[in-house]
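# Commentary on secondary and tertiary structure
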Amino acid sequence: TVLVVDFGAQYAQLIARRVREARIYSEVVPSTMPVEEMLARDPKAVILSGGPSSVYAEDAPSLDGSLFDAGVPVLGLCYGFQLMAQALGGTVDNTGSREYGRTDLSVSKGASTLFEGTPSHQQVWMSHGDACSAAPEGFTVTASTDMVPVAAFEHDGRRLYGVQYHPEVMHSTHGQQVLEHFLYRGAGLSPTWTTASIVDEQVAAIREQVGSKRAICGLSGGVDSAVAAALVHKAVGTQLTCVYVDHGLMRKGETEQVEKDFVAATGVQLKVVDAADRFISALAGASDPEQKRKIIGREFIRVFEQAQAELVAEAGAAGEDVAFLVQGTLYPDVVESGGGTGAANIKSHHNVGGLPEDLEFELVEPLRKLFKDEVRMVGQELGLPEEIVQRQPFPGPGLGIRIIGEVTRERLDVLREADAIAREELTAAGLDRDIWQCPVVLLADIRSVGVQGDGRTYGHPVVLRPVSSEDAMTADWSRLPYDVLARVSTRITNEVSGVNRVALDITSKPPGTIEWE
Ligand code: XMP
């Protein structure tokens with residue numbers, strides 16, 4: 001494992017991704033974790049992330065310098081670079097001026113582990129106020145910029161390296177190469193973390209966890225639960241039963257699709273539960289997003305418990321214990337539900353923060369450490385068809401969190417129609433692979449005046465939320481062609497009664513999240 005120590009920048013997740021792209025497993029840990037605890041994880045290398053602070057700020061996060069004597073290779077980036085310089089006896093000046101954005105980096109002549117084979121001038125992405133003016137003793141300065149005399153340093157003997165800029169962002173043209181030089185040359189690691197190795201490792205771990213007991217898996221039709229189910233199926237075969245809960249919050253055609261695509265591809269045993277009444281009555285009166293998420297999370301579990309009881313009964317109560325619940329929880333779900341590294345709780349993803357406390361199952365979550373694109377690669381490795389592996393994400397709480405206001409059957413029907421039209425047109429325009437997903441949101445408590453035919457209407461708006469993203473942690477709004485937007489708008493207002501306005505959401509994430517709730 002390579003540990004990425006998070007000093008509070010939004011870059012830590014990205015660094016972890018870049019390390020994984022180099023085929024080495026990495027995890028993010030908070031900077032408040034004691035060094036002994038970090039070392040107890042036996043990291044093969046440590047990367048210190050950037051951060052918003054100045055090392056001179058009063059509440060600046062610090063680092064115990066004993067990390068540098070532990071014999072573990074360390075790479076400091078930006079703020080991490082400055083902490084390292086300071087801890088090892090270099091000089092960091094509070095320059096008062098900021099260097100921000102694209103900058104030309106001059107690589108020093110002479111041998112360098114990090115910069116070997118990269119151009120003597122390269123574009124890098126800077127974002128800092130303080131600057132290192134003297135490297136610690138024994139370190140070689142390997143690069144500088146107009147404003148910063150020491151923009152990179154290294155001590156090969158101690159395997160300590162640092163750069164002032166952000167190699168993890170794509171604006172640093174040779175950033176990935178520099179990171180890989182640290183990992184392969186500096187730390188001596190090999191790129192062994194491949195999808196095949198993830199599958200092998202997870203299959204072994206699942207067999208060990210489940211033993212001879214039985215498991216059920218909630219299938220949602222999405223990529224994550226499908227891949228989780230396929231992994232568990234590979235590990236324990238018929239000990240797994242998949243349960244597809246139709247909670248009435250699904251999109252048009254979803255249930256049929258799961259039955260058709262997934263079962264055909266994997267041959268798993270599938271139980272379809274029609275639970276629409278149950279969910280919709282549980283949601284009555286709820287309009288607060290967190291409350292809705294918790295209700296949905298709870299009802300899911302209650303339905304799974306019922307399915308469990310039925311399975312035990314069907315098996316003739318032959319002592320067959322259905323003890324495990326498989327979930328397709330991903331790394332970003334864990335982090336964003338506040339379960340990761342001390343990150344803020346943005347929203348309770350239904351399968352993490354939304355779980356009831358009296359859960360009777362032990363969870364099996366084989367994707368808990370993976371990003372979405374990694375999950376897709378695992379799905380491919382397992383032989384799942386493109387239609388499943390490349391599907392756009394759809395949240396477990398479904399349309400329930402896309403109706404702003406109370407969820408009712410009528411509103412669900414309206415949104416389902418609008419959503420189906422948007423999906424149809426995007427697919428027809430060949431845009432499915434260009435966008436990450438396109439939630440359609442019904443502003444059910446808002447009405448506006450319109451005119452249709454010869455009459456006045458007083459209807460609801462729907463919002464299109466097309467986004468592009470690499471892993472849903474950050475996203476940008478997709479610049480969809482106007483003619484496609486026009487077709488979607490015309491069709492929705494013509495064909496969906498109750499909707500008289502279509503709006504486009506042009507907010508990136510951050511500051512907006514992808515879903516509206
Ligand atoms: P946000 O809205 O947090 O969404 O920017 C990030 C990604 O996660 C999906 N999402 C969920 N998926 N259960 C899920 O399975 C949930 O409770 C949930 N909430 C959001 C969302 O569709 C997007 O892809």
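Rules and cut-offs
- Residue positions are given per chain, counting from 1 as you read along its sequence in written order.
- At least 70 in pLDDT is required for a residue's local features to be given in this predicted model, at least 80 for side-chain atom pairs to be given and counted, and no such filter applies to totals for whole chains, interfaces and linings, which use all residues.
- UniProt positions are given in the numbering used here, feature names are shortened, and annotations may be inferred rather than shown by experiment.
- Only DSSP runs of H or I covering at least 4 residues are called helices, and only runs of E covering at least 2 are called strands; the numbering of each starts at the N terminus.
- Burial in this document is a count-based property: other C-beta atoms within 10 Å of a residue's C-beta are tallied, and the residue is buried at 20 or more, exposed at 12 or fewer, or partly exposed in between, with C-beta positions derived from the backbone.
- Note on contacts: each residue gets a C-beta atom placed from the backbone, and two residues are in contact if those atoms are within 7 Å.
- Strand pairing requires that DSSP identify at least two bridges connecting the strands.
- The axes are straight lines fitted to the C-alpha atoms, using for helices just the contacting stretch, and the angles between their N-to-C directions are given from 0 to 180°.
- These descriptions rest on fixed angle ranges, namely under 35 degrees for roughly parallel, over 145 for roughly antiparallel, 65 to 115 for roughly perpendicular, and the rest for oblique.
- For a crossing to be left-handed, the near helix must be turned anticlockwise from the far one by less than a right angle; the clockwise case is right-handed.
- Gly counts as polar in this scheme, as do all residues outside two lists: the nonpolar Ala, Val, Leu, Ile, Met, Phe, Trp, Tyr, Cys and Pro, and the charged Asp, Glu, Lys and Arg.

Attention now moves to the UniProt feature "binding site: ATP" (unreviewed entry) in the protein. Per the UniProt annotation, the sites labelled "binding site: ATP" (unreviewed entry) are Ser220, Gly221, Gly222, Val223, Asp224, Ser225 and Ala226. Within the secondary structure, Ser220 is located in the loop between strand S12 (214-219) and helix H6 (223-236). According to the C-beta neighbour criterion, Ser220 is buried, with 24 such atoms within 10 Å. Each residue touching Ser220, except ones within four places of it in the same chain, is listed here: Ser225 and Gly396. The exposure class assigned to Asp224 is buried, which follows from the 24 C-beta atoms found within 10 Å. Apart from the residues lying within four places of it in its own chain, the contact partners of Asp224 are Gly328, Leu330, Leu367 and Val375.

Following the UniProt record, one finds the feature "active site" (unreviewed entry) at Cys78, His166 and Glu168. Despite a sequence span of 91 residues, these residues sit close together in the fold, their greatest C-alpha distance being 10.9 Å. Here Cys78 is to be found in the loop between strand S4 (74-77) and helix H3 (79-87). Since 25 C-beta atoms lie within 10 Å of it, Cys78 is described here as buried. The contact partners of Cys78, leaving out residues within four places of it in the chain, are Gly50, Ser127, His128, Gln164, Tyr165 and His166. Position of His166 among the secondary structure elements: in the loop between strand S11 (160-163) and helix H4 (175-186).

Our next topic: the sheet that holds S12. Strand order in this open sheet of five strands is S14-S13-S12-S15-S16, and the pairing throughout is parallel. Each edge of the open sheet is held by one strand with a lone partner, namely strand S14 (269-274) and strand S16 (362-364). Each strand axis lies, on average, 30° off the axis of its neighbour in the sheet, ignoring direction. In this sheet, S14 lies alongside strand S13 (residues 240-246) in parallel orientation, the contact comprising six bridges. Its bridge partner being in S14, Asp246 is matched across the sheet by Asp274. Strand contacts of helix H9 (residues 289-314): S12, S13, S14 and strand S15 (322-326), with the helix running at about 140° to S12, the strand carrying the most contacts.

Across the sheet, which stays open at both edges, the nine strands sit in the order S2-S1-S3-S4-S11-S10-S9-S6-S7 with mixed pairing between neighbours. Both edges of this open sheet fall to strand S2 (26-30) and strand S7 (121-128), since each of them pairs with a single strand only. Direction aside, neighbouring strands of the sheet carry axes that sit 25° apart on average. In this sheet, strand S9 (residues 140-144) lies alongside strand S6 (residues 99-107) in antiparallel orientation, the contact comprising two bridges. Pairing of Val107 across the sheet is with Ala143, part of S9. Against the sheet, helix H1 (residues 12-21) makes contact with strand S1 (2-6), S2 and strand S3 (45-48), and its axis sits at roughly 160° relative to S2, the strand it touches most. Relative to S4, H3 is tilted by about 120°, and along the sheet it contacts S3, S4 and S11.

Another point: the packing of helix H8 (residues 276-283) against H9. With their axes 10 Å apart at the nearest point, H8 and H9 run at an angle of 150° to one another. Comparing their axes, H9 and H8 come out roughly antiparallel. Every pair of crossing elements has a handedness; the one defined by H8 and H9 is right-handed. Contacts between H8 and H9 pair Arg278, Phe279, Ala282 and Leu283 from the former with Lys292, Ile295, Ile296 and Glu299 from the latter. Split by residue class, the contact of H8 with H9 holds five nonpolar, no polar and three charged.

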